[in-house]
Amino acid sequence: MISFLWQDDIPIVEAARRCGIRIPSEREGRTELLVHCPFCRAKKDHLYLNTVRNVFYCQDCHASGNSLTLYARMMGRTSRDAFQELSGLRTTPRPQRPSALLAPLAARHAAYYDMLGLMGLSHRHRTALLERGFSARRVEENLYRSVPAQTERDRIAEKLSKVHDLRGVPGFYTREGRWRLTGFPGILIPVCDREGYIQGLQIRRDNAARNKYGWLSSNPEYGYENGTGARRWIHVTGNPHKRVVCITEGALKGDTAVFLREDAPLFLCVPGVGALELLGDACREAGARKAVVCYDMDLLRNPEVLQSLCKLRALLWEQGIPSSAAHWNPAYKGIDDFWLAGGGKNESGLLMEAAA
């Protein structure tokens, strides 16, 4: 019997090359490589190859897996055959650029909280948030902010560096001995734990047809001196006393859904349908006894999202947490869209179960 215990040690880059995926030479040596996705064939590069964990994920079609599954799917092999053909490969250690260790949660929260206090929210972004269903008061309470221009970001970073140790805080880096702050135009969204501490920040990008959400990050693999990459944190929002949790994709979607329900459910928000590595810890910390998965209704026509849903429910089962999948009128993509339209307020079933 063949053992697959070390399948995650198969180098993802080498497996991709053997599948015919082109790896741009200027991107080699990074922790994450962005390449063309052979599954959705989008015009832009959306497939991430993680060379530390040897996994792949497409932000467009949500294809995901490890080196073995990538090779098997691309080459039309069974898992057994793929394993045998790749069995001569091993991950070899490669030099890493120096990266500050991730700062403790309290330090990250303090720096981010003060940073947001130095920023404002544009009229355009405020209007967009109100149109999602938020009240003006909740927009302010949730600390949403507009990413300022580079010169203003640099001024803010310099000011914060006088009162905070910014080493290990994703988004901050140094240039010519002075602290700087990354970012691109969009809305900053705090990603918090169950106690309300800011773990990291996402950015909802302006005018982005795809890949609308990114992290405030300064991964040294991309040339940021003394920078730190963001993790794929789980956003916790809603009533922390609930033991039936709703799971959805996206911090902003979860915040919106919580605000639209008077019964204040508890949402655990993954940053992507395949970004599940921190979800188990979040479920345990929340004391979850049951989960209702509220993924967008495109799962009805996107097999990759449906596959991610199955993986999620398997993970919950391994944690001993029974789960169900919520469904609603597919005319409304997300659970927030459905509730904004008034759906589910007087219904029984899975949607109401989350408020139990």
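Structure: above.
Residues numbered from 1 in each chain as written. Predicted model: local features only at pLDDT ≥ 70, side-chain atom pairs only at ≥ 80, totals over all residues. Heavy atoms only, no water.

Trainee: Which parts of the structure should I look at to understand the sheet that holds strand S10 (residues 213–215)?
Mentor: Strand order in the open sheet formed by four strands is S5-S8-S9-S10, and the pairing between neighbours is antiparallel. With one partner strand each, in any of the chains shown, strand S5 (145–146) and S10 form the two edges of the open sheet. With three bridges connecting them, strand S9 (residues 198–205) and S10 associate as antiparallel partners. Paired with Gln 202 across the bridge in S10 is Trp 215. (Pairing = 2+ DSSP bridges. Helix = DSSP H or I, 4+ residues; strand = E, 2+ residues; numbered from the N terminus.)

Trainee: Would you mind showing me how to read the environment of Gln 319 here?
Mentor: Inspection of the secondary structure assignment puts Gln 319 in the loop between helix H10 (303–318) and strand S15 (323–325). Classification of Gln 319 by relative accessible area gives partly exposed; the value is 31%. Once the C-alpha coordinates of Gln 319 and Arg 284 are considered, the two residues, 35 residues apart in sequence, prove to be 8.4 Å apart. Those residues within four positions of Gln 319 in sequence are excluded, and the remaining contacts are Gly 280 and Arg 284. A distance of 2.7 Å separates the side chain of Gln 319 from the side chain of Arg 284, its partner in a polar contact. (Buried < 20%, exposed > 50% of the residue type's maximum accessible area, 1.4 Å probe, protein only. Contact = heavy atoms within 4.5 Å. Polar contact = N/O pair within 3.5 Å; in protein donor to acceptor, adjacent residues only side chain to side chain.)

Trainee: Please explain the pattern of salt bridges as it appears in this structure.
Mentor: Counted by the stated rule, this structure contains 17 salt bridges. Close ionic contact of Lys 162 with Glu 158 constitutes a salt bridge, the shortest N to O distance being 3.7 Å. For Glu 158, a relative accessible area of 22% puts it in the partly exposed group. Across the salt bridge formed by Arg 232 and Glu 277, the nearest N and O atoms sit 2.8 Å from each other. Note that Arg 232 is positioned in the loop between S10 and strand S11 (235–238) and Glu 277 in the loop between strand S13 (266–270) and helix H9 (279–286), a separation of 45 residues in sequence. (Salt bridge = Lys/Arg side-chain N within 4 Å of Asp/Glu carboxyl O.)

Trainee: Help me understand unusual backbone geometry, please; the structure alone is not making it clear to me.
Mentor: The bulk of non-glycine residues show a negative phi, and the bulk of peptide bonds are trans. Positive phi is not limited to glycine here, since Glu 176 has a value of about 55°. In the Ramachandran plot, Asn 226 falls in the positive-phi region, its phi being about 60° despite a non-glycine side chain. By secondary structure assignment, the location of Asn 226 is in the loop between S10 and S11. Classification of Asn 226 as partly exposed rests on a relative accessible area of 39%.

Trainee: Can you help me understand the environment of Leu 300 in this one?
Mentor: Structurally, the position occupied by Leu 300 is in the loop between strand S14 (290–293) and H10. Separated by 30 residues in the primary sequence, Leu 300 and Pro 330 have C-alpha atoms spaced 8.4 Å apart. Look past the residues within four positions of Leu 300 in its chain and what remains in contact with it is His 327 and Pro 330.

Trainee: Honestly, the nonpolar core in this entry has me stumped. Any pointers?
Mentor: General note: in soluble globular proteins, nonpolar side chains tend to be found buried as a group. Membership of the largest hydrophobic core comes to 41 residues, with the highest contact counts inside it found for Ile 247, Leu 268, Leu 279 and Tyr 295. Every element with two or more residues in this core is listed here: strand S12 (244–249), helix H8 (251–260), S13, H9, S14, H10 and helix H11 (335–340). (Core = buried A, V, L, I, M, F, W, Y, C linked by side-chain atoms within 4.5 Å.)

Trainee: It is not clear to me how the sheet that holds S15 should be interpreted in this structure. Could you clarify?
Mentor: Remark on secondary structure: sheet strands pair via backbone hydrogen bonds, oriented parallel or antiparallel. One open sheet accounts for five strands, arranged S11-S13-S12-S14-S15; its pairing is mixed. Every other strand in the sheet has two partners, leaving S11 and S15 as the edge strands with one partner each. Here the average twist between neighbouring strands, direction ignored, is 25°. Along the sheet, H8 makes contact with S11, S12 and S13, crossing S11 at roughly 10°. (Axes fitted to C-alpha atoms, helices over the stretch in contact; angles between N-to-C directions.)

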